[in-house]
Amino acid sequence: AMEECPAVVLAHGLLGGRNIPGTPLKYFRGIQQDLESAGYAVFCTEVPPTSTVQVRADALCQQIAQWPHRGGRRVTVIAHSMGGLDARYAVSKL
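Residues numbered from 1 in each chain as written. Predicted model: local features only at pLDDT ≥ 70, side-chain atom pairs only at ≥ 80, totals over all residues. Heavy atoms only, no water.

The end-to-end C-alpha separation of helix H2 (residues 53-66) is 20 Å, in line with the 20 Å expected for 14 residues at 1.5 Å each. Of the positions making up H2, those classed as buried are Val-53, Arg-56, Ala-57, Ala-59, Leu-60, Gln-63 and Ile-64. Taken down its axis, H2 places every buried residue within 160° of arc, on the same side. Exposed residues pointing more than 90 degrees away from the buried face of H2 are listed as Ala-65 and Gln-66. (Helix = DSSP H or I, 4+ residues; strand = E, 2+ residues; numbered from the N terminus. Expected span 1.5 Å × (residues − 1). Buried < 20%, exposed > 50% of the residue type's maximum accessible area, 1.4 Å probe, protein only. Arc of directions from axis to C-beta.)

Looking now at the sheet that holds strand S3 (residues 75-79). Pairing is parallel across the open sheet formed by three strands, whose spatial order is S2-S1-S3. Unpaired on one side and paired on the other, strand S2 (41-44) and S3 mark the two borders of the sheet. Averaged over all adjacent pairs, the angle separating strand axes in this sheet is 25°, with direction ignored. With five bridges joining them, strand S1 (residues 7-11) and S3 adopt parallel strand pairing. Across the sheet, the residue bridging to Ala-7 is Val-75, located in S3. Against the sheet, H2 engages S1, S2 and S3, with an angle of about 150° to S1. (Pairing = 2+ DSSP bridges. Axes fitted to C-alpha atoms, helices over the stretch in contact; angles between N-to-C directions. Contact = heavy atoms within 4.5 Å.)

Geometric values such as these leave the question of function open.
Following this line, the structure appears as structure tokens:
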């Protein structure tokens, strides 16, 4: 069941989102599908692309808390660039 598999959150960098702005390309091209195929529950977040780390980290926390498939589980965050700063701020300050 979805609640029994490991939970992974994808956090994009500056100017990112679920898609690369102005293109039909996914920011984490193929990564979500590959992880899901390997048995992970994956959630791709989308925070304000040019906001401060504090604002982005808060949005990241809110989205993880509201993820319906999380089921209270701990999550592993895979982040790119500024998404890593967002995740570190969220873990240490929020």
